[in-house]
Structure formats: structure tokens, C-alpha cells
Amino acid sequence: MKNFIKLVLVTALIFSFAASASAATFINIGTGSTGGTYYPVGAAMAKVWNSSISGMKANAQSTGGTAQNLALLGKGEAEVIFADGLYFFAYEGKGAFEGKAMKNLCGLAPLYAEPIHFLVAKGSNIKSIKDLKGKRVSVGAVGSGTEVTVRTLLKANGIDPDKDIKAENLGLSDTASAFADKNIDAGLTVGALGIAGVVEIATLGTAELRDFEPEVIDKLCKELPYYLPFDIPANTYKGQTKPVKAMASWNVLITNDKLDTDTAYQMTKALYEKKQDILNVSSRLSSMSPENLKYIQVPIHPGALKYYKEIGAVK
């Protein structure tokens, strides 16, 4: 009889665990490297969702960034991803996504802007993009999103990056070192406001920011529609006393139409209601605001849209 009771109890526990597992909602979040902004913010979001949504089992996965995140989302190995402007090409089926358009991509929330910083050696007579001809220019690490953007920017403005300049494929930290060693004349880099490498350059006083001319901004924004005119606010960097004319793409939180509508609603609602928990990890997320939905270049997920309508952010 005792053995029978034990069997009944064990069986009940097994069914209980099975029911609990089936009721759970597993969310894998594609982020970026552990040293970047995406990963710690993704971990903070996972914590918010797990504590706010019954049955939610969210986890932040360290990845190689947007390209890998899109691949994970496409294969069903991630439900939510952080993404830079590359998601626009995936949605439209352009560039590396030619013939492989991801038309089921949906937006959950805008995150923060990443402007292009136009840096020139301190005291340089380089005043505009056209002045870069014949100069030593850091264009970003090989294969990086920065390199793709910078090459597009130069070409759109009549500069062949392979012939008209001496292109140096440097990451941001190496760009800072190159300015310090006077090995480059200029650098074009993409990064969030207050990004460490530009802070270092400004603090050392080895380079200064230049405005992009209106026509330069216009040409890139037409070439890459996910870029928009953007001012780098005054005093963002040491010695920068005036706003700097630039353009920026927005990092966004992306999912697809496979995510359940109610789940997407609850996730979006929790993000905004517990926003301070995320700001405690990165102040960059202060721009995660419904007023910045206009910067998302794919349809908003129906669940997220329900929340935005509920708070009167959209009609």
C-alpha cells in the first residue's frame, strides 16, 4: 500500500512538473557581446519579464550582434532580438538578404540612437567629407557595421573608399590610438552617445568633431532609409560646446509574428512600467519612449501596438 501511495505521489509530481513546463513561456533574447550595451540591457529585460509575467522564462544570450540575432530569430532559436539598422535590409530583402526577405519582422520598442561621429585630427583643415580625399581615414573594422555604413556614406558623396582615401580598418579603440600617434587624419565611427572610444579621444584632445553638411546627411538618409538627421547634443564630449550635425540609426527591439499577441503585450507593458530597472543598467535606454516609435522601420507587433494604443501613444 505504501509503495502504491509513493507511486501516486511521484506520478502526481511528474504531471505537475509537466503541466508547469507546458504553461511556461520561454523567451530567448539575442543580444550582443558581454562587453557591449546589448547584453547587460538584455539581461535586465529578462529579469523584468521573469518577475512581471507569470510563467515567463526569459534568458539573454550573448551573440555576435545584429547579423547573428537575425539568423537566430529566423531559425526560431530566439524570440526577441536587439538590432541595429541591418534589420531594415533583412525586412526588405536587400544586400546580404537578397532573396531572403524576413517580412514577418515586427518591432516591440525603440531603444537608442547611434550617430555617426565625424572625427578629425585636432587643428585639422578638414572641414567636410569632400576634404577627406587623399587623407588617412579610419573607416571601421573589417566586416563591421561601421565599415558598411562608412563606405556607403563615402560612395553616396562621390568618394571611392578604395581609391580616393587611404582607408584604415580600425575599431574604435584602435582609432583612438591612431589619433594619439598621429597615424590618421580622420575617423568615421558609429556609436551611441558617450561611447567610450570617442570619450577617450575627446578627453585626450587628439581629435575634434565636425558637422556633416546637410547635403551629405540627405544623401546617406536616402541611401540608408533607417538613418535620420540627428544632433549630437552640446557637451556630450569634452570641448564640444555646440551641437554637432550628424545622422543616426536607431537600435530597436525586434521580434516576429510568431510571438503570441498577449505575450508581446505583456512584455511591452512590463518594459515601460519597470523602465527604471533597465535604466539602472544603462542610461542610454532613457530614449526607450513611445514617442520614438517613428524610428522603427518595420510594422509594430500587434501585441505591442495594443499597449501603445492603450496608453494613447498611437491611434
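Just so it is clear, the structure is predicted and the values come from calculations on it, not from any experiment. (Residues numbered from 1 in each chain as written. Predicted model: local features only at pLDDT ≥ 70, side-chain atom pairs only at ≥ 80, totals over all residues. Heavy atoms only, no water.)

### Some points on the overall build of the chain
Right, on to step 1. The number of helices and strands found in the chain is 11 helices and 10 strands.
Right, on to step 2. By residue count, 49% of the 315 residues in the chain fall in the buried class.
Right, on to step 3. Across the chain, contacts joining residues at least 24 apart in sequence account for 74% of those joining residues at least 6 apart.
Right, on to step 4. About 15,100 Å² of surface is accessible on the chain, with carbon and sulfur atoms providing 53% of the total. (Helix = DSSP H or I, 4+ residues; strand = E, 2+ residues; numbered from the N terminus. Buried < 20%, exposed > 50% of the residue type's maximum accessible area, 1.4 Å probe, protein only. Contact = heavy atoms within 4.5 Å. Areas by Shrake-Rupley, 256 points an atom, 1.4 Å probe, with all protein chains shown as cover.)

### A closer look at the pairing of strand β10 (residues 244-256)
Right, on to step 1. Burial runs high along β10: 12 of the 13 residues are buried.
Right, on to step 2. Relative to β10, strand β3 (residues 80-83) is paired through three bridges, and the arrangement is antiparallel. Looking across to β10, one finds that Ala 83 is bridged to Val 252.
Right, on to step 3. Direction of pairing for strand β4 (residues 105-121) relative to β10: antiparallel, over a ladder of nine bridges. Of the residues in β10, the one forming a bridge with Ala 109 is Leu 253.
Right, on to step 4. Of the strand pairs in this sheet, strand β9 (residues 227-232) and β10 are connected by six bridges, and their pairing is antiparallel. Bridging from a neighbouring strand, Tyr 227 pairs with Ser 249 of β10. (Pairing = 2+ DSSP bridges.)

### A closer look at the packing of helix α6 (residues 172-180) against helix α7 (residues 196-204)
Right, on to step 1. Running from N to C, α6 and α7 point in directions that differ by 10°, and their axes come no closer than 8 Å. Between α6 and α7, the angle falls in the class roughly parallel. Pair α6 / α7 crosses with right-handed handedness. Side by side, α6 and α7 meet where Leu 172, Thr 175, Ala 176 and Phe 179 of the first sit next to Gly 197, Val 198, Glu 200 and Ile 201 of the second.
Right, on to step 2. The residue makeup of the contact of α6 with α7, split by class, is five nonpolar, two polar and one charged. (Axes fitted to C-alpha atoms, helices over the stretch in contact; angles between N-to-C directions. Parallel < 35°, antiparallel > 145°, perpendicular 65-115°, else oblique. Left-handed = near helix turned anticlockwise from the far one by under 90°. Nonpolar A, V, L, I, M, F, W, Y, C, P; charged D, E, K, R; others polar.)

### Looking at the side chain of Glu 114
Right, on to step 1. For Glu 114, the location among the structural elements is in strand β4.
Right, on to step 2. Of the side chains bearing the opposite charge, Arg 284 lies closest to the buried Glu 114, which forms no salt bridge; the N-O distance is 6.0 Å.
Right, on to step 3. At a separation of 3.5 Å, a polar atom in the side chain of Glu 114 contacts the side chain of Asn 251.
Right, on to step 4. Sequence-distant contacts of Glu 114, that is, excluding residues within four places in its chain, are made with Val 190, Gly 191, Ala 192, Tyr 227, Met 247, Ala 248, Ser 249 and Asn 251. (Lys, Arg positive; Asp, Glu negative; His and termini not counted. Salt bridge = Lys/Arg side-chain N within 4 Å of Asp/Glu carboxyl O. Polar contact = N/O pair within 3.5 Å; in protein donor to acceptor, adjacent residues only side chain to side chain.)

### Structural notes on the packing of aromatic side chains
Right, on to step 1. Following the criterion strictly, the structure yields 11 aromatic pairs and no others.
Right, on to step 2. Judged by centre distance (6.2 Å) and plane angle (70°), the ring pair of Phe 88 and Phe 89 falls under edge-to-face.
Right, on to step 3. Given the relative accessible area of 8%, Phe 88 is considered buried.
Right, on to step 4. Here Tyr 272 and Tyr 307 contribute two aromatic rings whose centre-to-centre distance is 5.8 Å and whose plane-to-plane angle is 15°, an arrangement assigned as stacked. With Tyr 272 in helix α9 (residues 261-273) and Tyr 307 in helix α11 (residues 302-310), this residue pair connects regions lying 35 residues apart in the sequence. Exposure class is identical for Tyr 272 and Tyr 307. Each is buried.
Right, on to step 5. Ring pairs connect the aromatic residues Phe 88, Phe 89, Tyr 226 and Tyr 227, which therefore count as one cluster.
Right, on to step 6. The aromatic ring of Tyr 91 is capped on one face by Lys 103, whose charged end is 4.2 Å from the ring centroid.
Right, on to step 7. Here Lys 306 stacks its cationic end above the ring of Tyr 265, 4.6 Å away from the centre of that ring. (Phe/Tyr/Trp six-rings, centres within 6.5 Å; stacked < 30°, edge-to-face > 60°. Lys NZ or Arg CZ within 6 Å of the ring centre and 35° of its normal.)

### Section: the layout of surface pockets
Left-over empty space is what a probe sized like a water molecule reveals as it rolls over the atoms.
Right, on to step 1. A volume near 1,200 Å³ is recorded for the largest pocket.
Right, on to step 2. Forming the walls of the largest pocket are 48 residues, and the residues nearest its centre are Asp 84, Glu 114, Gly 145, Thr 146 and Val 190.
Right, on to step 3. Counting residues per element, the ones that place at least two in the lining of the largest pocket are α3 (66-74), α4 (86-92), β4, α5 (145-156), α6, β7 (186-190) and β10.
Right, on to step 4. Considering every element that reaches the lining of the largest pocket, the biggest residue donor is α5, with five residues.
Right, on to step 5. Considered class by class, the residues forming the lining of the largest pocket number 18 nonpolar, 25 polar and five charged.
Right, on to step 6. Mapping the lining of the largest pocket onto the domain boundaries places at least three of its residues in each of domain 1 (26-112 + 251-311) and domain 2 (114-250).
Right, on to step 7. The computed volume of the second largest pocket comes to approximately 310 Å³.
Right, on to step 8. What lines the second largest pocket is a set of 19 residues, among which Glu 208, Leu 209, Gly 239, Gln 240 and Val 244 lie closest to the centre.
Right, on to step 9. For the lining of the second largest pocket, the class distribution of residues is nine nonpolar, four polar and six charged. (1 Å grid on protein atoms, 1.4 Å probe; cavity = no way out; pocket = protein on both sides within 12 Å on 5 of 7 lines; lining within 4 Å. Points joined across faces, edges and corners; volume = space filled by probe spheres on them. Domains from an automatic or database assignment.)

### Let's talk about the confidence of the model for the chain
If pLDDT is low for a region, its predicted coordinates should not be looked at in detail.
Right, on to step 1. Mean pLDDT over the chain: 90, with 93% of residues reaching 70 or higher.
Right, on to step 2. Considering only residues more than four positions removed or in separate chains, one finds that residues 7-22, a stretch of pLDDT under 50, has one contact. (pLDDT = per-residue confidence, 0-100.)

### Topic: the environment of Asp 84
Right, on to step 1. Inspection of the secondary structure puts Asp 84 in the loop between β3 and α4.
Right, on to step 2. We classify Asp 84 as partly exposed; its relative accessible area is 25%.
Right, on to step 3. When the C-alpha atoms of Asp 84 and Asn 251 are compared, they prove to be 4.5 Å apart, with 167 residues separating the residues in sequence.

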